[in-house]
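# Observations on the three-dimensional arrangement
Each chain, written out:
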Amino acid sequence: HLKAIAVYLSQYQLLPYERMSELFSDLFNHQLSQATLVNANKRCYEILEPVQEKIKEEIIVSPVVHFDETGLHINGKREWLHVASTKTFTFYAAHAKRGSEATNEIGILPKFQGTAVHDFWKPYFKYLCRHALCNAHHLRDLTGILEQDKQDWPQDMIDLLCEIKKIVDEKKPVANQLDPAQIKNFEERYEQIIEKGLTENPLPKLQNQPKKRGKKKQSKAKNFLDRLKKYRRQTLAFMYNFTVPFDNNQGERDIRMMKVQQKISGTFRSTQGAKTFCCIRGYISTVRKNSVSVINAIEAALKGNPFIP
């Protein structure tokens, strides 16, 4: 039970080892060395490795999965933490790379055939699954363009996306899709706003200047309009399929506590330490999503009977 508490405090409450040793001494009058705490996490990791693979398999066959990544410091170097998650499962992986080399080795996206929800990180589009873009990011970008450039079309797009979301949310309890006439109306309005924006953001005229190779430099607003135009279906995926969310908040929530870990405990001292943390933390997140007591699930794992969703 003490080992379960140790794992709980370090991997869930994110206490550094030195503070944990003091806590055990103060609360339990029991001296635990840092080596003992490390060994408790190591033992938990060894038991949970098969569970982590089970979680990974469940995510691969899920219809909708959220993907995100963030920086992670391991042994003084900047590496990357990748997350793939649903409402009931969370899988974490640490990798030296951020792009497709990492996602290929992690092994979820190459096999995934559902809808990947993400924030337009280009390497995700290399995979043949369906894609849905995070509209929370879109709203933030639109607000930034609105405030900086004082144009009209960003507010029109914000209003349209929020209107579609409101109607979809109202329809979800009684239907699984919008009426075809509604979809057509929203698509037409979307295209009209894009065209209005393109009119307000023409390509710059290059007179009496030597021709240069590659793409012409464009404004941030023009680049964003091109993205919305090219990826209309991925932007409006939540409108076409009610199982697809409006945003990638699930993925961002699942990755947020990892940033907290870095602020509290600092860099990981080894790659194995990061792997151990990812495995145990993915188990804890999955346990919480399934309304199971975290401390009880950790103790069950240390006894060789981990919670398997």
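A brief report on the enclosed structure follows. (Residues numbered from 1 in each chain as written. Predicted model: local features only at pLDDT ≥ 70, side-chain atom pairs only at ≥ 80, totals over all residues. Heavy atoms only, no water.)

### A few points about the side chain of Gln11
Test applied: Going along the chain from the N terminus, every DSSP run of H or I of four or more residues is numbered as a helix, and every run of E of two or more is numbered as a strand. Buried means the residue's accessible area, taken with a 1.4 Å probe over protein chains only, is under 20% of the maximum for its type, while exposed means over 50%, and partly exposed covers the values in between. N or O atoms closer than or at 3.5 Å make up a polar contact, with two conditions inside protein: a donor-capable atom paired with an acceptor-capable one, and, for residues adjacent in sequence, both atoms drawn from side chains. Note on definitions: a residue-residue contact is assigned when non-hydrogen atoms from the two residues lie within 4.5 Å.
Locating Gln11 in the fold gives a position in helix α1 (residues 2-12). With relative accessibility at 5%, the residue Gln11 sits in the buried group. Side-chain polar atoms of Gln11 contact the side chain of Ser10, separated by 3.3 Å. Excluding its chain neighbours within four sequence positions, the residues that come into contact with Gln11 are Asn41, Thr276, Phe277, Ile280, Arg281 and Ile284.

### What about the side chain of His138?
By the element assignment, His138 lies in helix α5 (residues 135-149). You can call His138 buried: its relative accessible area is 2%. At a separation of 3.0 Å, a polar atom in the side chain of His138 contacts the side chain of Asn135. If we ignore the near neighbours within four places in the chain, the residues touching His138 are Leu133, Phe224, Arg227, Leu228 and Thr235.

### Quick word on the pattern of salt bridges
In plain terms, the rule: Take a side-chain nitrogen of Lys or Arg and a carboxyl oxygen of Asp or Glu: if they are within 4 Å of each other, that pair is a salt bridge.
Per the stated rule, a full pass over the model turns up 16 salt bridges. A salt bridge links Lys222 to Asp226; its shortest N-O distance comes to 3.0 Å. Of the two residues, Lys222 and Asp226 are both situated in helix α8 (residues 220-230); the distance of four residues between them amounts to about one turn of the helix. The class of Lys222 is buried, set by a relative accessible area of 11%. For Asp226, a relative accessible area of 28% corresponds to the partly exposed category. Residues joined by salt bridges that share partners form a network here, namely Glu187, Glu191, Glu195, Lys229 and Arg232.

### Description of the packing of aromatic side chains
Defined as follows: Here is the rule: rings of Phe, Tyr and Trp (six-membered ring for Trp) pair when centre to centre is within 6.5 Å. Planes less than 30 degrees apart are stacked, more than 60 are edge-to-face, and the remainder are tilted. Definition used: whenever NZ (Lys) or CZ (Arg) falls within 6 Å of the ring centre and also within 35 degrees of the ring normal, the charge is taken to sit over that ring.
This structure, assessed with the given rule, holds nine aromatic pairs. Relative to Tyr12, the ring of Tyr8 has its centre 5.2 Å away and its plane inclined at 65°; by these criteria the two rings are edge-to-face. With Tyr8 and Tyr12 both in helix α1, this residue pair falls four residues apart, about one helical turn. Centre to centre, the rings of Phe24 and Phe28 are 5.3 Å apart; their planes meet at 55°, and the pair counts as tilted. Placement of the pair is Phe24 and Phe28 together in helix α2 (residues 17-28), with a separation of four residues, close to one helical turn. A relative accessible area of 0% means that Phe24 is categorised as buried. Ring-pair connections join several aromatic residues into one group, and the members of that group are Phe67, Phe112 and Tyr124. One residue, Lys165, lies across the ring of Phe246, its end atom 5.7 Å from the ring centre. Positioned above the aromatic ring of Phe120 is the side chain of Arg227, whose terminal nitrogen or guanidinium carbon lies 4.1 Å from the ring centre.

### Observations concerning the environment of Val260
Relative to the helices and strands, Val260 resides in helix α11 (residues 249-265). Between the C-alpha atoms of Val260 and Leu14, which are 246 residues apart in sequence, the distance is 8.2 Å.

### Points about the nonpolar core
Our working definition: Among buried residues, those of type Ala, Val, Leu, Ile, Met, Phe, Trp, Tyr and Cys that are joined through side-chain atoms within 4.5 Å constitute a nonpolar core.
Judged by nonpolar contacts, the single largest core of 35 residues is most densely connected at Leu48, Ile59, Phe67, Ile108 and Leu109. The set of elements that each furnish at least two residues to this core consists of α1, α3 (34-60), β1 (64-74), β3 (90-95), α12 (271-289) and α13 (294-302). The element that contributes the greatest number of residues to this core is α3, accounting for eight residues. When near neighbours in sequence (up to four residues on either side) are disregarded, Ile108 contacts Lys56, Ile59, Ile60, Phe67, Ala84, Phe91 and Thr103. One finds Trp153, Met157, Ala221 and Phe246 within the second-largest nonpolar core, a separate group that totals 28 residues.

### Focus on the sheet that holds β1
Selection criterion: Between any two strands, at least two bridges found by DSSP are needed for them to pair. Lines fitted to C-alpha atoms define the axes here, with helix axes fitted over just the stretch in contact, and angles between the N-to-C directions of these axes take values from 0 to 180 degrees.
The mixed open sheet is built from five strands, whose spatial order is β3-β2-β1-β4-β5. Whereas interior strands pair on both sides, the edge strands pair on one side only; in this sheet they are β3 and β5 (130-133). Across the sheet, the mean angle separating the axes of adjacent strands is 25° when strand polarity is ignored. Here β1 runs beside strand β2 (residues 77-85); their pairing, made up of nine bridges, is antiparallel. In the strand pairing of β2, Ile74 is matched with Lys77. Across the face of the sheet, α3 comes into contact with β1, β2 and β3 while running at roughly 110° to β3.

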